[in-house]
Number of protein chains: 2
Amino acid sequence: MRKTYNFSAGPAVLPEEVLEQAREEMLDWHGSGMSVMEMSHRGKEFMSIMDKTESTLRELADIPAGYKILFLQGGALSQFAMVPMNLLGESGKADYVQTGQWSEKAINEAARYGSVHIAASSESDGFNSAPPLAQWKISPGTAYVHYTTNETIGGVEFQWIPDLSAIAGSDKTIPLVADMSSNFLSRPFDVSKFGLIYAGAQKNVGPAGLVLVIIREDLLDVAPLSGTPTMYRYKTYADNASMYNTPPTYAIYIMGLVMEWLKKQGGLAAIEQRNIAKARLIYDLIDASSFYHCPVNRADRSRMNIPFTLSDSSLDEVFLKQAQTHGLLQLKGHRSVGGMRASIYNAMPLEGVQALAAFMQEFERNHA
Amino acid sequence: MRKTYNFSAGPAVLPEEVLEQAREEMLDWHGSGMSVMEMSHRGKEFMSIMDKTESTLRELADIPAGYKILFLQGGALSQFAMVPMNLLGESGKADYVQTGQWSEKAINEAARYGSVHIAASSESDGFNSAPPLAQWKISPGTAYVHYTTNETIGGVEFQWIPDLSAIAGSDKTIPLVADMSSNFLSRPFDVSKFGLIYAGAQKNVGPAGLVLVIIREDLLDVAPLSGTPTMYRYKTYADNASMYNTPPTYAIYIMGLVMEWLKKQGGLAAIEQRNIAKARLIYDLIDASSFYHCPVNRADRSRMNIPFTLSDSSLDEVFLKQAQTHGLLQLKGHRSVGGMRASIYNAMPLEGVQALAAFMQEFERNHA
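Since the model is a prediction, treat every value here as computed from it, not as a measurement. (Residues numbered from 1 in each chain as written. Chains lettered and ligands numbered in written order. Predicted model: local features only at pLDDT ≥ 70, side-chain atom pairs only at ≥ 80, totals over all residues. Heavy atoms only, no water.)

Some remarks on the overall build of chain A
Looking only at helices and strands, chain A features nine helices and 14 strands. In terms of C-alpha radius of gyration, chain A reaches 21 Å, essentially the compact-globule figure of 21 Å for 368 residues. In terms of overall dimensions, chain A has a C-alpha envelope of 60 × 60 × 30 Å along the principal axes. For chain A, the residues scored as buried account for 62% of the 368 residues in total. Summarising the internal contacts of chain A: among those between residues at least 6 apart in sequence, 68% fall at separations of at least 24. (Helix = DSSP H or I, 4+ residues; strand = E, 2+ residues; numbered from the N terminus. Rg over C-alpha atoms; globule rule 2.2 N^0.38 Å. Buried < 20%, exposed > 50% of the residue type's maximum accessible area, 1.4 Å probe, protein only. Contact = heavy atoms within 4.5 Å.)

Written out as structure tokens, the structure reads:
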């Protein structure tokens with residue numbers, strides 16, 4: 001057992017069992033005589049890894065027929081371009097919900113390809129909440145509605161899936177597009193409510209360098225904007241089982257191990273309960289204290305990323321240094337925000353969160 | 001020591017020492033308490049890995065000041081779009097040398113963004129040679145000249161760097177662009193002769209999911225085509241030390257270990273001598289036999305990928321099966337070509353090539 005706990009926002013902690021298995025298989029995967037890194041992506045060994053990874057994801061997330069799973073590269077930032085390039089279609093218009101830095105990046109990139117309408121925003125309260133559905137205004141003829149299910153930097157998470165058909169004047173067939181990068185697979189989610197979901201792997205899924213896309217098949221028929229590169233077309237991946245060119249094979253292998261681990265944890269419903277319990281430990285401590293502070297609206301707080309500040313920010317460095325000596329790693333807040341951030345993804349064990357809570361209480365006693 | 005030799009064209013064999021070190025460090029890199037896969041890309045631990053990887057590459061390949069090294073994702077296929085999108089500029093015209101399947105893919109993608117002129121082609125001899133410089137015709141006002149230094153499928157390798165200034169009527173300042181994916185770092189190469197070099201990592205450098213770009217800094221000032229996605233702009237990487245978003249951290253780490261290994265082998269001049277000796281073993285055997293055949297013009301034969309056929313192709317399956325039982329893996333030819341292909345990148349030890357040669361001779365004795 002390792003003696004450290006890693007609270008990085010991503011790339012982030014992986015299950016110890018996964019790393020142990022990867023270590024075990026590093027030079028020789030299942031008697032093949034090869035490391036997974038050395039396998040032809042078209043050989044039967046890697047094909048079996050990829051198929052198993054995909055089918056386990058489909059089972060875990062209960063992804064229905066009519067949706068394709070695609071394995072891509074380039075991070076969520078590439079999706080910020082791929083979504084509009086592939087889905088804007090003839091309308092050239094899209095609606096975006098603005099909830100913090102990640103949704104803003106998505107908006108800025110989309111605006112380079114079409115006309116972006118802000119359907120809702122939490123800017124007026126400093127991006128510390130998820131705009132209630134009653135405030136959403138969908139523009140007529142929009143090609144899709146995009147939102148960010150969890151703002152990794154701001155620590156704001158949607159605890160509900162928007163029902164676009166409940167919005168006055170909204171067309172029921174508008175595809176809902178979600179950036180799930182930082183809470184993908186942390187709870188059950190009804191895929192059938194979405195047109196397209198994407199998620200960078202480096203939070204709950206695996207290493208950096210892999211992006212998952214789940215796309216409703218009819219959306220593959222929208223003609224991409226002219227000038228969309230071959231590797232930026234979803235159809236290139238859908239038509240070639242994500243093997244038009246070499247996929248990031250080792251990242252997919254690690255993802256497969258994480259999917260198996262997640263199944264052993266009891267799947268998404270079970271991991272959700274653990275994630276709720278873990279997050280509550282820290283939020284309860286913060287709310288009971290005047291020494292720690294979290295600015296996020298209680299109903300919209302992220303279970304994955306907990307940003308918090310000390311009442312005396314001159315203690316930040318001491319806090320981080322002492323946390324480090326307690327084996328509590330990478331707690332520094334995002335450079336744009338400061339303070340602290342505890343990212344407690346699926347793979348963060350309860351013991352890690354308990355250790356963080358104990359340290360926070362001790363630090364408060366010593367410095368309050 | 002492993003008892004197998006892996007002749008995959010890519011992803012491909014990695015040095016055993018590299019895999020052993022990766023195994024050793026899997027759960028805890030240098031006492032950090034973290035796997036490299038779990039590190040924040042902006043933390044001091046990963047930054048040190050990235051800096052070292054880059055500086056070792058710069059030293060090994062003798063990359064002069066005035067050239068940036070960029071770490072990207074998306075494979076060479078993404079470069080097929082990024083090169084024209086970033087370099088076509090106002091002229092909208094580029095010259096390509098056509099030598100086989102990979103250069104053709106580059107040509108087809110570039111033609112989506114501008115006007116492509118075929119400067120030279122080996123199509124008339126079945127793509128079994130590298131067109132001599134005397135046959136190259138550069139079109140006036142071209143933005144760059146692109147060629148593929150090694151055709152991984154066809155097994156054709158340029159043994160020389162084209163000197164564009166020697167071509168009649170050619171503008172001396174035209175940037176030379178090279179896809180070096182499958183022979184990058186297999187021999188010394190004079191970077192100053194190039195405007196831009198790119199290489200997918202999964203042959204001589206590391207795992208799939210990482211692409212290296214070496215770009216002359218003045219080319220970063222060419223305005224990309226409008227509609228070029230943020231993550232398809234070289235400047236995005238150059239201005240942010242390849243950290244505008246999360247780079248493929250683990251692939252970069254493995255690349256760093258491969259760079260260290262390459263240094264220990266004596267660098268590029270030493271590895272070139274080993275690669276020459278390895279390739280000669282197989283080509284000499286093929287040329288001395290009427291049982292095996294390699295179609296490639298002798299002067300242009302690849303040291304990295306050796307395609308060959310049996311005089312009786314009905315024996316192909318037997319050959320591959322028996323090779324497998326001898327621990328000689330992934331020798332099957334590309335699906336578009338058939339026959340066999342032995343890829344013998346830097347990390348393939350001489351012993352592996354000797355084992356292949358011995359097996360080929362034995363197989364010939366038994367079946368000729």
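Examining the sheet that holds strand S11 (residues 292-293) of chain A
Across a sheet, strands are paired by hydrogen bonds formed along the backbone, either parallel or antiparallel in direction. All names here are of chain A. Strand order in the open sheet formed by three strands is S11-S12-S14, and the pairing between neighbours is antiparallel. Each having just a single partner strand, S11 and strand S14 (340-343) make up the two edges of the open sheet. Taken together, the four bridges between strand S12 (residues 305-310) and S14 define a ladder with antiparallel strand orientation. By the bridge assignment, Phe308 is partnered in S14 with Met340. The strands that helix H7 (residues 267-287) touches are S11 and S12; relative to S12, the one it contacts most, it runs at about 20°. (Pairing = 2+ DSSP bridges. Axes fitted to C-alpha atoms, helices over the stretch in contact; angles between N-to-C directions.)

Details of the nonpolar core
The tendency in soluble globular proteins is for nonpolar side chains to be buried side by side. By size, the foremost hydrophobic cluster in this structure holds 192 residues, and its most contacted members are Phe184(A), Tyr250(A), Phe319(A), Phe184(B), Tyr250(B) and Phe319(B). Ignoring sequence-local partners within four residues, the contact set of Phe184(A) consists of Leu57(A), Phe189(A), Ile197(A), Ala199(A), Asn204(A), Val205(A), Leu212(A) and Ile214(A). Residues Val211(A), Tyr96(B), Val177(B) and Tyr198(B) belong to the second largest nonpolar core, which totals 64 residues. (Core = buried A, V, L, I, M, F, W, Y, C linked by side-chain atoms within 4.5 Å.)

Some remarks on the interface of chain B and chain A
Across the boundary between the two partners, chain B contributes 58 residues, which contact 58 residues of chain A. By the criterion of area lost to chain A, the three top residues of chain B are Leu27(B), Met37(B) and Glu38(B), representing 15% of everything that side buries. Counting the contacts that link chain B with chain A gives two salt bridges. Of the charged contacts in the structure, one is a salt bridge between Glu38(B) and Arg2(A), with a shortest N-O distance of 2.7 Å. Here chain B and chain A share 25 residue pairs in polar contact (both at pLDDT 80 or more) between them. Contributing elements (two or more residues each) for the side of chain B that touches chain A: helix H1 (16-24), helix H3 (75-87) and helix H6 (249-264) of chain B. Taken together, the residues that form the side of chain B that touches chain A break down as 26 nonpolar, 22 polar and 10 charged. (Buried area = accessible area lost by both parts, 1.4 Å probe. Salt bridge = Lys/Arg side-chain N within 4 Å of Asp/Glu carboxyl O. Polar contact = N/O pair within 3.5 Å; in protein donor to acceptor, adjacent residues only side chain to side chain. Nonpolar A, V, L, I, M, F, W, Y, C, P; charged D, E, K, R; others polar.)

Remarks on the sheet that holds strand S4 (residues 115-121) of chain B
Residues and elements named next belong to chain B. Taken together, seven strands build an open sheet; the order of strands is S2-S10-S9-S8-S5-S3-S4 and the sheet is mixed. Single-partner strands in this sheet number two, and they are strand S2 (67-72) and S4. Averaged over all neighbouring strand pairs, the angle between strand axes comes to 20°, with direction disregarded. Bridge count between strand S8 (residues 176-179) and strand S9 (residues 196-200): three bridges; the pairing is parallel. Considered in S9, the bridge of Asp179 is made with Tyr198. Packing against the sheet, helix H2 (residues 44-60) makes contact with S2 and strand S10 (211-216), and its axis sits at approximately 130° to S2.

A look at the domain arrangement of chain A
Residue and element names in this part refer to chain A. Splitting chain A by domain gives domain 1 (17-263) and domain 2 (266-367). Measuring from the centre of the C-alpha atoms in domain 1 to the corresponding centre in domain 2 gives 27 Å. Between domain 1 and domain 2, the contact holds 26 residues from the first and 25 residues from the second. For the pair domain 1 and domain 2, the summed buried surface comes to about 2100 Å²; carbon and sulfur atoms form 52% of the total. Of all residues in domain 1, Asn128, Ile153 and Trp261 give up the largest surface area on contact with domain 2, accounting jointly for 22% of the area buried on that side. At the junction of domain 1 with domain 2, the criterion picks out zero salt bridges. Taken together, the links from domain 1 to domain 2 amount to 16 residue pairs in polar contact (both at pLDDT 80 or more). (Domains from an automatic or database assignment.)

Examining the pattern of salt bridges
Using the criterion set out here, one finds 24 salt bridges over all chains in the structure. Among the salt bridges present, the one from Lys193(B) reaches Asp190(B), with a minimum N-O distance of 3.9 Å. Several salt bridges converge on common partners, so that one network encompasses Asp287(A), Arg298(A) and Arg301(A).

Points about the packing of helix H6 (residues 249-264) of chain A against H7(A)
Residue and element names in this part refer to chain A. Following both chains from N to C, one finds H6 and H7 inclined at 75°, their axes separated by 7 Å at the closest point. The pairing of H6 with H7 is recorded here as roughly perpendicular in orientation. Two secondary-structure elements touch here, H6 through Trp261, Leu262 and Lys263 and H7 through Gly267, Leu268 and Ile271. Grouping the constituent residues of the contact of H6 with H7 by class yields four nonpolar, one polar and one charged. (Parallel < 35°, antiparallel > 145°, perpendicular 65-115°, else oblique.)

Examining the relation of the copies chain B and chain A
For these two chains of identical sequence, chain B goes onto chain A by a turn of 180° and a shift of 0.0 Å along the axis, with RMSD 0.0 Å. As the rotation angle and translation indicate, the two copies are arranged about a two-fold axis. For chain B, the residue whose C-alpha comes nearest the rotation axis is Arg23(B), separated from it by 2.5 Å. (Least-squares fit on C-alpha atoms with pLDDT ≥ 70 in both.)

Points about empty space enclosed by the protein
Inspection of every chain in the model, using the stated rule, returns eight cavities of 30 Å³ or more. Volume-wise, the largest cavity comes out at about 190 Å³. Counting residues per element, the ones that place at least two in the lining of the largest cavity are helix H3 (75-87) of chain A together with S2 and H3 of chain B. Estimates place the volume of the second largest cavity at around 110 Å³. Along its surface, the second largest cavity is lined by Pro207(A), Ala208(A), Gly209(A), Pro248(A), Tyr250(A), Ala251(A), Pro207(B), Ala208(B), Gly209(B), Pro248(B), Tyr250(B) and Ala251(B). Counting only elements with at least two residues in the lining of the second largest cavity, the list comes to H6 of chain A together with H6 of chain B. Of the residues in the lining of the second largest cavity, the class split is 10 nonpolar, two polar and no charged. (1 Å grid on protein atoms, 1.4 Å probe; cavity = no way out; pocket = protein on both sides within 12 Å on 5 of 7 lines; lining within 4 Å. Points joined across faces, edges and corners; volume = space filled by probe spheres on them.)

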